[in-house]
Amino acid sequence: MKFNFPIFEIMRLNYELGKKTWFGTGGKCSLYFEPKSINQLILILKLSRRFFQILIIGSGSNVIIRDGGYKGAVIKLKGEFTKIKFHEKDLILSVGAGVKDSEISKFCLNNGISGLEFLSGIPGTIGGNLKMNAGCYGSQISDKLIDCTIVDRKLNIKVLRKDEMNFEYRKSSFHSNQIIIQARFKVNKNNKDKIKKRIFKITNDRKKTQPVAKRTGGSTFTNPNEHSAWKLIDKIKFRGKRQGGAKVSELHSNFLINDNDASSLDIEMLGEEIKRNVWEQQKIKLDWELLRIGKFKKI
Ligand SMILES: Cc1cc2nc3c(=O)[nH]c(=O)nc-3n(C[C@H](O)[C@H](O)[C@H](O)COP(=O)(O)OP(=O)(O)OC[C@H]3O[C@@H](n4cnc5c(N)ncnc54)[C@H](O)[C@@H]3O)c2cc1C
């Protein structure tokens, strides 16, 4: 294979991946790429197909990268994958998978588009949102989805209609070898003041109830059937509990925070300790919502 194109310009070796996540903890990855176009992405996939496993990352707001890092190629979409287009006639919003939720909110507010206001409370990207079927305040990203475009490791580019995918609470049917590159949503037009009010309410409520300014990963565990994870954690009196530099948030007990130079192991051990105590005291199994990626560091 020829590497005459600037693949080396967009490639980093031994990249400090953990520092790029919301927790700011964890190790390095072997290779890191920021493709700005579909051609660059295809080339990276061709290169890694033979040699590496790949991981696609958005804002890193739902992951713990373990301290031993990730052996493989990590891809973060930039450039043409961070564009938003509004087709006013059909009320369709086309969003690149690398677009941040805060940018979608801003775009929707500026253009009087409603339906995706809830994204103002989520610090991810559209790719991560779809993979996790992210949501809050009674809405989830799959609600307004029409279709999305993916590239797989065999380099096929496909458009998947919503009815060809499966979405559940914080889960989707995308495989780890499918890279979402774009998605289309059916939206509505609305009065800008109404949209602004809703966004303002969401961001304000969040500041009061969640440690949004801290190094965190959002909800640690999904809510088990008919239970709220935070209530189960409060019952075992873990609010404020520490493990090394990690801490259970005082503001929201289902949020773990990197309070004082935590390692990913501190965070994961604190999570496991919560799971164990909830099980022992309440016989309810908590499942991680945070994705734990990579290897533990050898001691
Ligand atoms: C303060 C805070 C508040 C939060 N509040 C909420 C909330 O209210 N509701 C909620 O649902 N979540 C919430 N989260 C969690 C998180 O923001 C969401 O899960 C978000 O959708 C993750 O997006 P991301 O881009 O950061 O994905 P990442 O964390 O980078 O990745 C998550 C998963 O998505 C995959 N992925 C990312 N991009 C792509 C792509 N282009 N193609 C294929 N797969 C991809 C990754 O491989 C990984 O498996 C919160 C997190 C924080 C830190």
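What counts, and where the lines are drawn
- Residues numbered from 1 in each chain as written.
- Predicted model: local features only at pLDDT ≥ 70, side-chain atom pairs only at ≥ 80, totals over all residues.
- Heavy atoms only, no water.
- Helix = DSSP H or I, 4+ residues; strand = E, 2+ residues; numbered from the N terminus.
- Rg over C-alpha atoms; globule rule 2.2 N^0.38 Å.
- Buried < 20%, exposed > 50% of the residue type's maximum accessible area, 1.4 Å probe, protein only.
- Contact = heavy atoms within 4.5 Å.
- Lys, Arg positive; Asp, Glu negative; His and termini not counted.
- Charge placed at Lys NZ, Arg CZ, Asp CG, Glu CD.
- Core = buried A, V, L, I, M, F, W, Y, C linked by side-chain atoms within 4.5 Å.
- Domains from an automatic or database assignment.
- Pairing = 2+ DSSP bridges.
- Axes fitted to C-alpha atoms, helices over the stretch in contact; angles between N-to-C directions.
- Salt bridge = Lys/Arg side-chain N within 4 Å of Asp/Glu carboxyl O.
- Near = heavy atom within 4 Å.
- Polar contact = N/O pair within 3.5 Å; in protein donor to acceptor, adjacent residues only side chain to side chain.
- Areas by Shrake-Rupley, 256 points an atom, 1.4 Å probe, with all protein chains shown as cover.
- Phe/Tyr/Trp six-rings, centres within 6.5 Å; stacked < 30°, edge-to-face > 60°.
- Lys NZ or Arg CZ within 6 Å of the ring centre and 35° of its normal.
- Parallel < 35°, antiparallel > 145°, perpendicular 65-115°, else oblique.
- Nonpolar A, V, L, I, M, F, W, Y, C, P; charged D, E, K, R; others polar.

(A) Geometry of the overall build of the protein chain. Broken down by element type, the protein chain carries 6 helices and 21 strands. Radius of gyration (C-alpha) of the protein chain: 20 Å, near the 19 Å computed for a compact globule of 299 residues. Counting only C-alpha atoms and orienting by the principal axes, one finds that the protein chain spans roughly 55 × 50 × 30 Å. Relative to its full complement of 299 residues, the protein chain shows a buried share of 51%. Counting only contacts in the protein chain whose residues sit at least 6 apart along the sequence, the fraction spanning at least 24 positions is 64%. Side chains of the protein chain carry 56 positive and 30 negative charges; the gap between the two charge centres is 3 Å.

(B) The arrangement of the nonpolar core in detail. In this structure, Leu93, Ile104 and Leu130 are the most contacted members of the largest nonpolar core, which totals 49 residues. Counting residues per element, this core draws most heavily on helix α1 (residues 38–51), at 6 residues. No fewer than three residues from each of domain 1 (6–79) and domain 2 (83–195) sit in this core. Non-local contacts of leucine 93, meaning those with residues more than four positions away in its chain, are made with Ile84, Lys85, Phe86, Ile104, Phe107, Cys108, Ile113, Leu116, Ala183, Arg184, Phe185 and Val187. In terms of nonpolar packing, the next biggest core, distinct from the first, is built from 20 residues, Ile64, Ile233, Leu270 and Trp288 among them.

(C) Representation of the sheet that holds strand β19 (residues 246–248) in the model. With respect to topology, 4 strands assemble into an open sheet ordered β17-β20-β19-β18, the strand pairing being antiparallel. Looking at which strands have only one partner, the edges of the open sheet turn out to be β17 (216–219) and β18 (242–243). Across the sheet, helix α6 (residues 264–282) lies against β18, β19 and β20 (255–258), angled at about 35 degrees from β19, the strand it touches most.

(D) The side chain of arginine 206, seen in detail. For arginine 206, the position within the fold is in helix α4 (residues 192–209). No salt bridge is formed by the buried arginine 206; its nearest oppositely charged neighbour, aspartate 205, is found at 8.1 Å. What arginine 206 contacts, discounting residues up to four positions off in sequence, is Gly121, Cys136, Tyr137 and Val212.

(E) Representation of the site of the ligand. Taken together, 33 residues sit near the ligand, with Ile56, Ser61, Thr125, Gly135 and Arg206 positioned nearest. Within the contact set of the ligand, an oxygen atom lies 2.8 Å away from a backbone nitrogen or oxygen of glycine 58. Separating a nitrogen atom of the ligand from a backbone N or O atom of glycine 128 is a distance of 3.4 Å. Taking 970 Å² as the accessible area of the ligand by itself, protein coverage stands at 96%.

(F) A look at the sheet that holds strand β5 (residues 70–76). Taken in spatial order, the 4 strands of this open sheet run β1-β2-β5-β3, and their pairing is mixed. Of all the strands in the sheet, just β1 (11–15) and β3 (54–57) have a single pairing partner and so form its edges. Looking at each pair of strands side by side, their axes are set apart by 25 degrees on average, direction ignored. As defined by bridge partners, β3 adjoins β5 across 4 bridges and the pair is classed as parallel. By the bridge assignment, isoleucine 57 is partnered in β5 with lysine 76. Seen against the sheet, α1 touches β2 (29–33), β3 and β5 and runs at an angle of roughly 170 degrees to β5.

(G) Structural view of the packing of aromatic side chains. All told, the structure shown has 3 aromatic pairs when counted by the stated rule. The interplanar angle of 65 degrees and the centroid separation of 6.1 Å between the aromatic rings of phenylalanine 167 and phenylalanine 174 together place this pair among those described as edge-to-face. Residues phenylalanine 167 and phenylalanine 174 agree in their burial class; the two are buried. Centre to centre, the rings of phenylalanine 221 and tryptophan 288 are 5.2 Å apart; their planes meet at 50 degrees, and the pair counts as tilted. Taken together, the residues span a long stretch of sequence, with phenylalanine 221 in the loop between β17 and α5 (229–235) and tryptophan 288 in the loop between α6 and β21 (291–293) at a distance of 67 residues. Tryptophan 288 shares its class with phenylalanine 221; the two are buried. When the ring centre of phenylalanine 238 is taken as reference, the NZ or CZ atom of lysine 241 above it lies at 4.9 Å. For the cation-ring pair, lysine 283 lies above tryptophan 279, with the distance from its terminal atom to the ring centre recorded as 5.4 Å.

(H) Expanded view of the packing of helix α2 (residues 101–110) against α4. Running from N to C, α2 and α4 cross one another at 155 degrees; their axes reach a closest spacing of 9 Å. The angle between α2 and α4 places the two elements in the roughly antiparallel class. Only Lys192, Ile195, Lys196 and Ile199 of α4 make contact with α2, whose side of the interface consists of Ser105, Cys108, Leu109 and Asn110. Across the contact of α2 with α4, the residue classes tally to 4 nonpolar, 2 polar and 2 charged.

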